[in-house]
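Chain by chain, the residues:
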Amino acid sequence: MNITMDLGTIQFNSAIMSITIGVGLLLIVRFMKHLKRSKIGQLEGWSIGFAIPGFILTTTGANMSLKWPLYKIDYPNTNIIFGELSLAFGVLLLAVAILLWRKANVFAKNNIDYIDSMTISRILMKEAPILLKPLSYFTFALGLALISIAIASIRLQLFSTLNGELITSSFTKYPLVEGLFISSLYALTGIGAILLPFTLKQYAKPSFFKVMITCWQIAGIAFILLGMMNYFTHIDLIIHSMGK
């Protein structure tokens, strides 16, 4: 697509959103690994850690979902498949942050030392399946949506690039390259989300947890790299659209 509009008036939030999604996924992975190893302490810190990306994704996702800023550059589908899911993920992260903050207050009232990671981890391991079970139903549904988007994006070539982006425009002749890359991120995140309810069962198979963690870890790193690249290409795109 040729750059004929004033890109300085368009809100490009996808870079910070991509990085934040990646950070959110990696935070979940890190928290779960620490919990398995009985190394969880200072729940207030973890709560704030989840709240920050949750707030960013909730606000930017809501803006993209309701205002459709990318409609101006012929990317209306991105407002839906990226904006709405970012909003949902942000709300989920905020929900986890609230749960952890409340648990921290409960531990404090019961005089449980906040640095006693063994005790805190043991209690959380026992209560987490019950606390997270309602949320896991929503993540399962989101996982199905992510898989659906991944399939549709390849079939319909939804993820294309602007002619003028310094890096990604090199692949405009090969639309499947970027499509496969981004679709794989959606698919990996979706697989992990679908598996979450099954990992919370009393006699869950360890393989479910390993696959879920691996999918989210790979997707998290890739989303951060994608956001980093988007900062570079979006700045270059805007500067060139202004004739500089």
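What counts, and where the lines are drawn
- Residues numbered from 1 in each chain as written.
- Predicted model: local features only at pLDDT ≥ 70, side-chain atom pairs only at ≥ 80, totals over all residues.
- Heavy atoms only, no water.
- Helix = DSSP H or I, 4+ residues; strand = E, 2+ residues; numbered from the N terminus.
- Buried < 20%, exposed > 50% of the residue type's maximum accessible area, 1.4 Å probe, protein only.
- Contact = heavy atoms within 4.5 Å.
- Areas by Shrake-Rupley, 256 points an atom, 1.4 Å probe, with all protein chains shown as cover.
- Core = buried A, V, L, I, M, F, W, Y, C linked by side-chain atoms within 4.5 Å.
- Salt bridge = Lys/Arg side-chain N within 4 Å of Asp/Glu carboxyl O.
- Expected span 1.5 Å × (residues − 1).
- Axes fitted to C-alpha atoms, helices over the stretch in contact; angles between N-to-C directions.
- Parallel < 35°, antiparallel > 145°, perpendicular 65-115°, else oblique.
- Nonpolar A, V, L, I, M, F, W, Y, C, P; charged D, E, K, R; others polar.
- Polar contact = N/O pair within 3.5 Å; in protein donor to acceptor, adjacent residues only side chain to side chain.
- pLDDT = per-residue confidence, 0-100.

### Brief notes about the overall build of the chain
Here's step 1: On a plain count of helices and strands, the chain comes out with six helices and zero strands.
Here's step 2: Secondary structure elements of the chain occur, N-terminal to C-terminal, as α-α-α-α-α-α.
Here's step 3: Expressed as a percentage of its 244 residues, the buried residues of the chain come to 44%.
Here's step 4: Restricting the contact set of the chain to residue pairs at least 6 apart, pairs at least 24 apart contribute 77%.
Here's step 5: Per element, the accessible surface of the chain, about 13000 Å² overall, is 67% carbon and sulfur.

### Some words on the nonpolar core
Here's step 1: Grouped together as the largest cluster of nonpolar side chains are 47 residues, with contacts concentrated most on F50, Y186 and W216.
Here's step 2: Breaking this core down by element, the ones donating at least two residues are α1 (14–36), α2 (43–67), α3 (76–109), α4 (117–156), α5 (175–199) and α6 (206–241).
Here's step 3: Ranked by residue count, the leading element in this core is α3, at 11 residues.
Here's step 4: If sequence neighbours within four positions are ignored, W216 has contacts with L25, L26, I28, V29, M32, L188, T189, G192, A193 and L196.

### Details of the pattern of salt bridges
Here's step 1: For the coordinates displayed, the defined rule picks out one salt bridge.
Here's step 2: K103 is the salt-bridge partner of E127, the closest N and O atoms lying 2.5 Å from each other. Residue E127 is located in helix α4, and its partner K103 is located in helix α3; the two are separated by 24 residues in the primary sequence.

### What about α1?
Here's step 1: Taking 1.5 Å per residue as the helical rise, α1 with its 23 residues ought to reach 33 Å, and the 33 Å between its terminal C-alpha atoms agrees with that figure.
Here's step 2: Phi for S38, located one or two positions after α1, is positive at around 55°.

### Some points on the environment of L25
Here's step 1: Along the chain, L25 falls in helix α1.
Here's step 2: For L25, a relative accessible area of 2% corresponds to the buried category.
Here's step 3: Sequence spacing of L25 and F223 is 198 residues, and the spatial spacing of their C-alpha atoms is 9.2 Å.
Here's step 4: Once residues within four sequence positions are removed from consideration, L25 is found in contact with F89, T189, W216, A219, G220 and F223.

### Some remarks on the packing of α1 against α4
Here's step 1: For the pair α1 and α4, interaxial distance at closest approach is 9 Å and the crossing angle is 110°. In terms of orientation, α1 and α4 fall into the roughly perpendicular class. Mapping the contact onto sequence places F31, L35 and K36 in α1 and S121, L124 and M125 in α4.
Here's step 2: In terms of residue class, the contact of α1 with α4 is built from four nonpolar, one polar and one charged.

### Structural notes on unusual backbone geometry
Here's step 1: Here Q42, not a glycine, exhibits a phi torsion of approximately 50°, which is positive.
Here's step 2: The backbone of N111 sits at a positive phi, close to 55°, despite the residue not being glycine.
Here's step 3: For N111, the position within the fold is in the loop between α3 and α4.

### As for the side chain of S121
Here's step 1: Looking at the element boundaries, S121 is found in helix α4.
Here's step 2: A distance of 3.4 Å separates a polar atom in the side chain of S121 from the backbone nitrogen of K39.
Here's step 3: When residues no more than four places from it in sequence are discounted, the contact partners of S121 are L35, S38, K39 and I40.

### As for the environment of A145
Here's step 1: Note on placement: A145 falls in helix α4.
Here's step 2: Residue classification places A145 among the partly exposed residues on the basis of a relative accessible area of 28%.
Here's step 3: For the pair formed by A145 and I81, sequence separation is 64 residues and the distance between their alpha carbons is 9.0 Å.

### A look at the confidence of the model for the chain
Do not read the fine detail of predicted coordinates wherever pLDDT is low.
Here's step 1: Per-residue confidence for the chain gives a mean pLDDT of 82, with 77% of residues at or over 70.
Here's step 2: Mean pLDDT values for the elements of the chain range from 85 in α6 up to 93 in α1.
Here's step 3: In the predicted structure, residues 1–10 sits below a pLDDT of 50 and forms 23 contacts with residues beyond four places in sequence or in another chain.
Here's step 4: Between residues 162–167, whose pLDDT stays under 50, and residues either more than four places distant or in other chains, the model counts 23 contacts.

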